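These are the residues of each chain, in order.
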Amino acid sequence: MSDQIKFIVDSLNKEPFRKNYNLITFDSLEPMQLLQVLSDVLAEIDPKQLVDLREEMPEQTAKRMLSLLGILKYKPSGNATDMSTFRQGLVIGSKPVIYPVLHWLLQRTNELKKRAYLARFLIKLEVPSEFLQDETVADTNKQYEELMEAFKTLHKEYEQLKASGFSTAEIRKDISAMEEEKDQLIKRVEHLKKRVETAQNYQWMLKIARQLRVEKEREEYLAQQKQEQKNQLFHAVQRLQRVQNQLKSMRQAAADAKPESLMKRLEEEIKFNLYMVTEKFPKELENKKKELHILQKVVSEPAMGHSDLLELESKINEINTEINQLIEKKMMRNEPIEGNLSLYRQQASIISHKKEAKAEELQEAKEKLASLEREASVKRNQTREFDGTEVLKGDEFKRYVSKLRSKSTVFKKKHQIIAELKAEFGLLQRTEELLKQRHENIQQQLQTMEEKKGISGYSYTQEELERVSALKSEVDEMKGRTLDDMSEMVKKLNSLVSEKKSALASVIKELRQLRQKRQELTQECDEKKSQYDSCAAGLESNRSKLEQEVRRLREECLQEESRYHYTNCMIKNLEVQLRRATDEMKAYISSDQQEKRKAIREQYTKNIAEQENLGKKLREKQKVVRESHGPNMKQAKMWRDLEQLMECKKQCFLKQQSQTSIGQVIQEGGEDRLIL
């Protein structure tokens, strides 16, 4: 309990509460102040709970706090009777009730903030079934549920983005970089436009270039479609090959097998499947259900701390010791009938375990066989894709080797021819380079002549026009081919539509009859609905009156009940205070000295006397300190002056040592001599 209070005080002294409590001040808080502290903590989790308790009724306070604690999934320890005491303790501000609540809230504040935020949007409003019969109410309720599901998906996406590590700074940098690139591209486009505007017929050339770009994009799209169709065809061929291989293997198995062996194999498979369905799978399903139930139970419970885990571990250890003691007692009895039965039970359990192990081994072997067959089929398909043939065996392989030998001789001849062609290719390449050089020289001469005549760029534009016209002719041919394909497809679709119309003629006749019946039934339904609405309106008005009366009576009952509980609590508090006062009077009046010592008055007088003695000693000590303050300060100043003097002497000594002469000068007969 002391650790709990210490944690609460430390948490309340931190941000965002800043209460500046210590253990004594927090423990001496009155019930109203303690409830205000709890209300402030709840307001930090849910801002709607920010209320001054002096302006709120006690029953409203208890109702508000209990509803929020229920949303936050707080579970007080104990049974139903403890729940009633918990409610009463919350109303009167009992410390044993409020301290655990504060400890639980302050331990997981961030998690509870998130839970309170989600509860505002995810707590479903229960609409009575009779109201849902109205179409507008049903549509509104459906729209409300759809919005709730949309909020769930958006919140999950927000959490994923939050956990993914994307930062807004990086995104802003990317956006700024993209804007700079955009500005650069706009400048380049404007520069190119200015350069092109000087050329002749630039609008026509731009139009042709735009058409060329559109046709290229269409060509890429058609190429992509072609590639997709090729992939689909390839997958279909692979699927066909797999099915053919399966059919072939099944035919071989049917041809080689006899009816007796087939029946025996089928019986074994039936037995195995029966065992799996009746024994193995139900056990596994039951185990999975138990695990799921345990996990759901764990998820539904509030988050556990270290102390809760230690309690659970201690409980587990106690239960294990009890189990071991029961097993030892059972073994000590050593009844002979039970002993014989235990042997049979052990044998049966061993056989069942062996059976399960063999079934698992058989299942693994079947899975392994299926995987190996899949790998073999994949390898066969790969070899077939490489050379279009299957794996050869026996005589076929010998024939294949002889073919390879004949092909090797042909390969050598062809290799020699290729070497000759390569040499000739080198000569042609050299001639091509020479011709390119001559062409460049001629082009330069042609450009100079065009500049002299004033028609520069004429040859380049003519070549571009020829190239564009050639490309246009190719595109026109591709368009013609695609149009033919589309016309054939339209014909096929028209024929299919006519076939479907002829097939659906009888169905359309039946549909007309059913439509007539539907109209008759809708008219009858509208009449019944009008009758129902008139009857429902009368019943609804009666029901609303009764509901208002019931609501009024319930509110009165709740008010009286809360007043009753409040008066009971106040009576209990007054009884406790009265009991303490009577005990104090008995202890004070009694002649027994030990009883008198237990009285609070005696304890307070004793404490007051001790404090007065302590005050006298401290005043005497203060007097001594005041008298000796002046001489002590003088002595401290003298010590500081002495320290400065010694430091000065030290500095002078060090300077004198550093300035000593390195020799001696002697003057004799007008001469100066230096002796080292």
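An unreviewed UniProt entry lists the protein under the name Intraflagellar transport protein 81 homolog, with Rhinopithecus roxellana given as the organism. Per UniProt, the comment on the protein under Subcellular location (unreviewed entry) is "Cytoplasm, Cytoskeleton, Cilium basal body". Taken verbatim from the UniProt record of the protein, the Sequence similarities (unreviewed entry) comment is "Belongs to the IFT81 family."

## Thoughts on the overall build of the protein
Helices and strands together make up the secondary structure of the protein, namely 20 helices and two strands. The burial tally for the protein puts 12% of its 676 residues in the buried class. Taking as baseline every contact in the protein between residues at least 6 positions apart, the subset at least 24 positions apart corresponds to 58%. For the protein, the accessible area works out to roughly 58,300 Å², and carbon and sulfur atoms hold 57% of it.

## Here we look at the packing of helix α1 (residues 2–13) against helix α6 (residues 95–107)
Relative orientation of the contacting elements α1 and α6 amounts to 55°, with a least axis distance of 9 Å. By the angle between their axes, α1 is oblique relative to α6. Crossing of α1 against α6: the hand is left-handed. Across from Gln4, Ile5, Phe7, Ile8, Ser11 and Leu12 in α1, the residues of α6 making contact are Tyr99, Pro100, Leu102, His103, Leu106 and Gln107. Within the contact of α1 with α6, the residues separate by chemical class into eight nonpolar, four polar and no charged.

## Some details on the pattern of salt bridges
All chains considered together, the criterion is met by 13 salt bridges. For glutamate 540, the salt bridge is made with arginine 543, and the minimal N-O distance between the two is 2.6 Å. On the criterion of helical spacing, the pair formed by glutamate 540 and arginine 543 is a turn pair, its members being three residues apart in helix α17 (residues 505–589). If you follow the salt bridges from partner to partner, you end up with Glu540, Arg543 and Glu547 in one network.

## Quick word on helix α12 (residues 259–300)
Helix length check: α12 (42 residues) gives 58 Å between terminal C-alpha atoms against 62 Å at 1.5 Å per residue, within 8%. At methionine 276, α12 shows its maximal kink, close to 40°. Regarding α12, the residues found buried are Phe272, Tyr275, Met276 and Lys280.

## Brief notes about the packing of helix α3 (residues 31–45) against α6
Where α3 contacts α6, the two axes come as close as 11 Å, and the packing angle between them is 20°. Put simply, α3 runs roughly parallel to α6. Every pair of crossing elements has a handedness; the one defined by α3 and α6 is left-handed. Contact with α3, carried on its side by Leu34, Leu35, Val37, Leu38, Val41, Leu42 and Ile45, involves Lys95, Ile98, Tyr99, Val101, Leu102, Leu105 and Leu106 of α6 and no other residues of that element.

## Things to note about a negative patch on the surface
Together, Glu179, Glu180, Glu181 and Asp183 give the surface a local cluster of negative charge. Here glutamate 181 shows up in helix α10 (residues 168–197). Looking at glutamate 181, the relative accessible area reads 49%, which means it is partly exposed.

## Some details on the side chain of serine 39
Mapped onto the elements, serine 39 comes out in helix α3. Leaving out residues up to four positions away in the same chain, serine 39 has contacts with Gln49, Val51, Leu53, Arg64 and Met65.

## Concerning the environment of arginine 54
The topology assignment puts arginine 54 in the loop between α3 and α4 (58–71). Residue classification places arginine 54 among the exposed positions, given a relative accessible area of 71%. Sequence separation between arginine 54 and glutamine 36 is 18 residues, and the spatial gap between their C-alpha atoms is 9.1 Å.

## Some details on unusual backbone geometry
Phi is positive for lysine 73, which is not a glycine, with a value near 65°. With respect to the secondary-structure elements, lysine 73 resides in the loop between α4 and α5 (80–92).

## What to know about the nonpolar core
Ranked by internal contacts, the top residues of the largest apolar core, which has 32 residues, are Leu12, Phe26, Leu38, Leu72, Leu102 and Leu105. When contributions to this core are tallied by element, the ones reaching two or more residues are α1, α3, α4, α5, α6 and α7 (109–122). When residues in this core are grouped by element, the largest group, eight residues, is from α6. If near-sequence neighbours (up to four positions away) are discounted, leucine 38 is found in contact with Met65, Leu90, Ile98, Val101, Leu102 and Leu105.

## Comments concerning a nonpolar patch on the surface
On the surface, Met263, Leu266, Ile270 and Leu274 cluster together into a nonpolar patch covering about 390 Å² of accessible area. Position of leucine 274 among the secondary structure elements: in helix α12.

## Points about the environment of lysine 114
As for its position among the elements, lysine 114 is in helix α7. Classification of lysine 114 by relative accessible area gives partly exposed; the value is 37%. The spacing of lysine 114 and aspartate 46 is 68 residues in sequence and 9.4 Å in space, taken between C-alpha atoms. Not counting residues up to four positions away in its chain, the partners in contact with lysine 114 are His155 and Glu159.

Each value, and the rule that gives it
Residues numbered from 1 in each chain as written. Predicted model: local features only at pLDDT ≥ 70, side-chain atom pairs only at ≥ 80, totals over all residues. Heavy atoms only, no water. UniProt positions renumbered as here; feature names shortened; annotations may be inferred. Helix = DSSP H or I, 4+ residues; strand = E, 2+ residues; numbered from the N terminus. Buried < 20%, exposed > 50% of the residue type's maximum accessible area, 1.4 Å probe, protein only. Contact = heavy atoms within 4.5 Å. Areas by Shrake-Rupley, 256 points an atom, 1.4 Å probe, with all protein chains shown as cover. Axes fitted to C-alpha atoms, helices over the stretch in contact; angles between N-to-C directions. Parallel < 35°, antiparallel > 145°, perpendicular 65-115°, else oblique. Left-handed = near helix turned anticlockwise from the far one by under 90°. Nonpolar A, V, L, I, M, F, W, Y, C, P; charged D, E, K, R; others polar. Salt bridge = Lys/Arg side-chain N within 4 Å of Asp/Glu carboxyl O. Expected span 1.5 Å × (residues − 1). Bend = angle between axes of the 7 residues up to and from the residue. Patch = residues over 30% accessible without salt bridge, like charges linked within 9 Å, V, L, I, M, F, W, Y side chains within 5 Å. Lys, Arg positive; Asp, Glu negative; His and termini not counted. Charge placed at Lys NZ, Arg CZ, Asp CG, Glu CD. Core = buried A, V, L, I, M, F, W, Y, C linked by side-chain atoms within 4.5 Å.

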